[in-house]
Amino acid sequence: MSEVAYTSKVRIERKKGPLRVAYLPGESQPIVFSVHGAIAEHYKLDPRTLGESHAATLDYVIAATAG
């Protein structure tokens, strides 16, 4: 078995509903996650009641794998 090369230390705070703030290594500012548009509708959330619309975690996963 190989030695562990890296352990990511991430902290997530749930603010309200789907709104979360992530503190990631290498980033000086926290990252805000939530839902938007079709994703909100899929989970039966009214986008107008979200207050803030932000990228979803799925958006970040797609961006990371596409890059």
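Residues numbered from 1 in each chain as written. Predicted model: local features only at pLDDT ≥ 70, side-chain atom pairs only at ≥ 80, totals over all residues. Heavy atoms only, no water.

> Can you break down the overall build of the chain residue by residue, with the values?
For the chain, the helix and strand inventory stands at two helices and three strands. Listing each helix as α and each strand as β along the chain from the N terminus yields β-β-β-α-α. The globule rule puts the C-alpha radius of gyration for 67 residues at 11 Å, and the 15 Å found for the chain is more than 25% above it. Oriented by its inertia axes, the alpha-carbon framework of the chain measures out at about 50 × 25 × 20 Å. With 67 residues in all, the chain has 19% of them scored as buried. Positive and negative side-chain charges of the chain, numbering 8 and 7 respectively, have mean locations separated by a distance of 7 Å. (Helix = DSSP H or I, 4+ residues; strand = E, 2+ residues; numbered from the N terminus. Rg over C-alpha atoms; globule rule 2.2 N^0.38 Å. Buried < 20%, exposed > 50% of the residue type's maximum accessible area, 1.4 Å probe, protein only. Lys, Arg positive; Asp, Glu negative; His and termini not counted. Charge placed at Lys NZ, Arg CZ, Asp CG, Glu CD.)

> Lay out the sheet that holds strand β1 (residues 11-16) with the relevant residues and their values.
Sheet strands line up and pair through hydrogen bonds in the backbone, either parallel or antiparallel. Here we have three strands laid out as an open sheet, ordered β1-β2-β3, and antiparallel in their pairing. Every other strand in the sheet has two partners, leaving β1 and β3 (31-33) as the edge strands with one partner each. Each strand of the sheet is rotated relative to its neighbour by a mean of 25°, with strand direction disregarded. (Pairing = 2+ DSSP bridges. Axes fitted to C-alpha atoms, helices over the stretch in contact; angles between N-to-C directions.)

> Residue-level account of the pairing of β1, with values.
Where β1 meets strand β2 (residues 19-23), five bridges bridge the pair, whose relative direction is antiparallel. Looking across to β2, one finds that Arg14 is bridged to Arg20. Following β1, the chain reverses through two residues before pairing antiparallel with β2; Gly17 in that reversal takes a positive phi of roughly 55°.

> How would you summarise the environment of Glu3 if you had to cite specific residues and measurements?
Looking at the secondary structure, you find Glu3 in the segment before β1. Separated by 33 residues in the primary sequence, Glu3 and His36 place their C-alpha atoms 40 Å from one another.

> So, the confidence of the model for the chain: which residues are in play, and what are the values?
Low-confidence regions, as indicated by low pLDDT, have predicted coordinates that should not be scrutinised in detail. Mean pLDDT over the chain: 90, with 99% of residues reaching 70 or higher. Taken element by element, the predicted model of the chain shows its lowest mean pLDDT in helix α1 (residues 37-42) (88) and its highest in β2 (95). (pLDDT = per-residue confidence, 0-100.)

> I'd like a description of the side chain of Ser34, backed by residues and values.
If you trace the backbone, Ser34 turns up in the loop between β3 and α1. On the basis of relative accessibility, which here comes to 2%, the residue Ser34 falls in the buried class. Sequence-distant contacts of Ser34, that is, excluding residues within four places in its chain, are made with Pro18, Leu19, Glu52, His54, Ala55, Ala56 and Thr57. (Contact = heavy atoms within 4.5 Å.)

> Explain the pattern of salt bridges residue by residue, including any values.
For the structure on display, the rule yields two salt bridges. Glu13 is paired through a salt bridge with Arg11; the nearest N and O atoms lie 2.5 Å apart. In this structure, the salt-bridge partner of Lys15 is Glu13, at a minimum N-O distance of 2.9 Å. On the accessibility criterion, Glu13 (23% relative accessible area) is partly exposed. Taken together, the shared-partner salt bridges in this structure form one network comprising Arg11, Glu13 and Lys15. (Salt bridge = Lys/Arg side-chain N within 4 Å of Asp/Glu carboxyl O.)

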